[in-house]
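Below, each chain spelled out in residue letters.
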Amino acid sequence: MSSYIARKGPAVLSNLGRWAYNLSGFNQYGLHRDDCLYENEDVKEAVRRLPSKLYDERNYRIMRALHLSMTKTILPKEQWTKYEEDVKYLEPYLNEVVKEREEREDWEKIH
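Please read these numbers as outputs of a predicted model, since none were measured by experiment.

Below, the discussion takes up the packing of aromatic side chains. The final tally for this structure, using the stated rule, is 2 aromatic pairs. Between the aromatic rings of Tyr21 and Phe26, the centroid separation amounts to 5.1 Å while the plane-to-plane angle is 80°, which identifies the pairing as edge-to-face. Ring geometry for Tyr21 against Tyr83: centres 5.4 Å apart, planes inclined by 70°, an arrangement best described as edge-to-face. Note that Tyr21 is positioned in helix α1 (residues 11-24) and Tyr83 in the loop between α3 (52-70) and α4 (91-110), a separation of 62 residues in sequence. Both residues of the pair, Tyr21 and Tyr83, count as buried. Among the aromatic residues, those joined into a cluster by ring pairs are Tyr21, Phe26 and Tyr83.

Considering the arrangement of structural elements, one finds Asn95 in helix α4. In the structure, Asn95 is positioned 52 residues away from Val43 in sequence and 9.6 Å away in space, judged by C-alpha atoms.

What follows covers the side chain of Arg61. Looking at the secondary structure, you find Arg61 in helix α3. Other than its neighbours up to four places away in sequence, Arg61 contacts Gly30, Leu31, His32, Asp35 and Tyr89.

With that settled, consider α4. Here α4 spans 29 Å end to end across 20 residues, near enough to the 28 Å set by a 1.5 Å rise per residue. Here α4 has its buried residues at Tyr93, Leu94 and Val97. Down the axis of α4, the sector holding all buried residues measures 100°, keeping them to one side. What points out from α4, more than 90 degrees from its buried face, is the exposed set Lys99, Trp107, Lys109 and Ile110. Considering only its buried residues, α4 is in contact with α2 (41-48) and α3.

Looking now at the packing of α2 against α4. In contact at an axis separation of 8 Å, α2 and α4 are set at 125° when each is read in the N-to-C sense. The angle between α2 and α4 falls in the class oblique. Classified by chirality, the crossing of α4 by α2 is right-handed. Contact with α2, carried on its side by Asp42, Val43, Glu45 and Ala46, involves Tyr93, Leu94, Val97, Val98 and Arg101 of α4 and no other residues of that element. Counted by class, the contact of α2 with α4 contains 6 nonpolar, no polar and 3 charged residues.

Residue-level pLDDT values for the protein chain average 89, and 88% of them are 70 or greater. Between residues 1-7, whose pLDDT stays under 50, and residues either more than four places distant or in other chains, the model counts 16 contacts.

Definitions and cut-offs
Residues numbered from 1 in each chain as written. Predicted model: local features only at pLDDT ≥ 70, side-chain atom pairs only at ≥ 80, totals over all residues. Heavy atoms only, no water. Phe/Tyr/Trp six-rings, centres within 6.5 Å; stacked < 30°, edge-to-face > 60°. Helix = DSSP H or I, 4+ residues; strand = E, 2+ residues; numbered from the N terminus. Buried < 20%, exposed > 50% of the residue type's maximum accessible area, 1.4 Å probe, protein only. Contact = heavy atoms within 4.5 Å. Expected span 1.5 Å × (residues − 1). Arc of directions from axis to C-beta. Axes fitted to C-alpha atoms, helices over the stretch in contact; angles between N-to-C directions. Parallel < 35°, antiparallel > 145°, perpendicular 65-115°, else oblique. Left-handed = near helix turned anticlockwise from the far one by under 90°. Nonpolar A, V, L, I, M, F, W, Y, C, P; charged D, E, K, R; others polar. pLDDT = per-residue confidence, 0-100.

Structure follows, in structure tokens:
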């Protein structure tokens, strides 16, 4: 699995993306973009398929964010998730799950 580095393209779009990313606020809790996805059936299955190391890292980030939220604090700025370092770790698994579901739905239509 190759790592996906967020944002490539014209500098204007990259700067706009960085601004929107920082405005979203989840990075202040140390979360990644994929940690904040709405957990529908596809996302739940993709999370289930994560290797244990990635799964444990995800759970740690989420638990830490919940604790920070309950105590109404944020991480020190040097610990925030940086725009350039936010890896879409769940995307390959999610794409695979969606593709399998669509194939299953197509198969069921035919048979």
